[in-house]
Amino acid sequence: MLRLWGQRLPSVWVLLLLPFLPLLLPAVPAPHRSSYKPVIVVHGLFDSSYSFRHLLEYINETHPGTVVTVLDLFDGRESLRPLWEQVQGFREAVVPIMAKAPQGVHLVCYSQGGLVCRALLSVMDDHNVDSFISLSSPQMGQYGDTDYLKWLFPTSMRSNLYRICYSPWGQEFSICNYWHDPHHDDLYLNASSFLALINGERDHPNATAWRKNFLRVGRLVLIGGPDDGVITPWQSSFFGFYDANETVLEMEEQLVYLRDSFGLKTLLSRGAIVRCPMAGISHTAWHSNRTLYETCIEPWLS
């Protein structure tokens, strides 16, 4: 009997020790939920974070675990504030996000927000942006009659809006900060307090530093299309623009590219510019079109 009890003894001890096994065994690290870089989204004119609910849904589906921040600043009519004021506000918002992401972040910036983001890349000497995705943004400026302009300046047309936009009063409106009249280039260069500066078209003491900062970006993704209906010319989304005869010159024909004034030519030679034109999408649908997302945005959210 004693011998039989002795044979069962190890089994009894195993039962007694079971509750303590987690303490005795080495800890197994929890699986890493996501290796995707955080995504920061910047909205456009008269927008708010709510406009990007579809984009947020798409990112969560295709890149689960990604930390996505849709910045809720300068919403609605506040988006008419001068762009340098907006740049400062967005800068204060992105700094702590970047600080928590030593591996880098992605910027998805829509319409007017694309200009805000390009300025951020210029003025931030320690940014860690991997992909800067410019979503239907007037990167070379705007010259067209739109509903936005008719609401803001009901008595003006594009042919005479320079009288307002190229005045100190006009430069207090974000739209005028990137109004680019090809028939009044001298006035544009002298009066533009924003676009002419970030384009390096006018000399200023920070030009060299801003170019160096901009070139820290890993990749520039340009998205737009001929059916946009707002960005005029639509090729501005790809750094194309009108000459004095309103003939569109592509990016490689622009002086800012030929002079490499803020780094476009260098980025292209590096293979760091991706152009993704897509027809059939209106301006307000870029951030909700699933096909556009899968084709032009999702591949660059590493």
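Residues numbered from 1 in each chain as written. Predicted model: local features only at pLDDT ≥ 70, side-chain atom pairs only at ≥ 80, totals over all residues. Heavy atoms only, no water.

### Structural notes on the overall build of the protein chain
Logical step 1: Scanning the protein chain from N- to C-terminus turns up 14 helices and 8 strands.
Logical step 2: The contacts in the protein chain between residues at least 6 apart in sequence include a share of 69% that link residues at least 24 apart.
Logical step 3: For the protein chain, the exposed surface amounts to about 14,800 Å²; the carbon and sulfur share of it is 57%. (Helix = DSSP H or I, 4+ residues; strand = E, 2+ residues; numbered from the N terminus. Contact = heavy atoms within 4.5 Å. Areas by Shrake-Rupley, 256 points an atom, 1.4 Å probe, with all protein chains shown as cover.)

### Details of the nonpolar core
As a rule of thumb, soluble globular proteins bury nonpolar side chains together.
Logical step 1: Leu107, Val129, Phe132, Leu220, Phe239, Leu264 and Leu267 are the most contacted members of the largest nonpolar core, which totals 61 residues.
Logical step 2: For this core, the leading source of residues is helix 5 (residues 112-123), giving 7 residues.
Logical step 3: Other than its neighbours up to four places away in sequence, valine 129 contacts Met98, Val105, Leu107, Leu121, Arg216, Val217 and Gly218.
Logical step 4: Counting 24 residues, the second-largest nonpolar core is a separate cluster that includes Ile59, Val221, Trp286 and Leu301. (Core = buried A, V, L, I, M, F, W, Y, C linked by side-chain atoms within 4.5 Å. Buried < 20%, exposed > 50% of the residue type's maximum accessible area, 1.4 Å probe, protein only.)

### Points about the packing of aromatic side chains
The way to describe two aromatic rings as a pair is by their centre distance and the angle between their planes.
Logical step 1: With the rule as written, the count across this model stands at 13 aromatic pairs.
Logical step 2: Seen in terms of ring centroids, phenylalanine 74 and phenylalanine 90 are 5.7 Å apart; in terms of plane orientation they differ by 40 degrees. Their pairing is tilted. Note that phenylalanine 74 is positioned in the loop between strand 2 (68-70) and helix 4 (83-99) and phenylalanine 90 in helix 4, a separation of 16 residues in sequence.
Logical step 3: Judged by relative accessible area, phenylalanine 74 falls into the buried class, the value being 17%.
Logical step 4: You can call phenylalanine 90 buried: its relative accessible area is 1%.
Logical step 5: Chaining the aromatic ring pairs together yields one cluster made of Tyr143, Trp179, Phe241 and Tyr242.
Logical step 6: The residue whose ring lies beneath arginine 118 is phenylalanine 262, and the NZ or CZ to ring-centre distance is 4.6 Å. (Phe/Tyr/Trp six-rings, centres within 6.5 Å; stacked < 30°, edge-to-face > 60°. Lys NZ or Arg CZ within 6 Å of the ring centre and 35° of its normal.)

### So, the pattern of salt bridges
Logical step 1: Under the criterion given, the structure shown has 6 salt bridges.
Logical step 2: Two residues, glutamate 85 and arginine 81, come together in a salt bridge whose shortest N-O distance is 2.9 Å.
Logical step 3: If you follow the salt bridges from partner to partner, you end up with Glu61, Arg290 and Glu294 in one network. (Salt bridge = Lys/Arg side-chain N within 4 Å of Asp/Glu carboxyl O.)

### What to know about the packing of helix 3 (residues 53-62) against helix 14 (residues 290-297)
Logical step 1: For the pair helix 3 and helix 14, the least separation of the axes is 11 Å and the interaxial angle reads 55 degrees. Looking at the two axes, helix 3 sits oblique to helix 14. The crossing of helix 3 and helix 14 is right-handed. Contacts from Leu55, Tyr58, Ile59, Glu61 and Thr62 in helix 3 reach Arg290, Tyr293 and Ile297 in helix 14. (Axes fitted to C-alpha atoms, helices over the stretch in contact; angles between N-to-C directions. Parallel < 35°, antiparallel > 145°, perpendicular 65-115°, else oblique. Left-handed = near helix turned anticlockwise from the far one by under 90°.)

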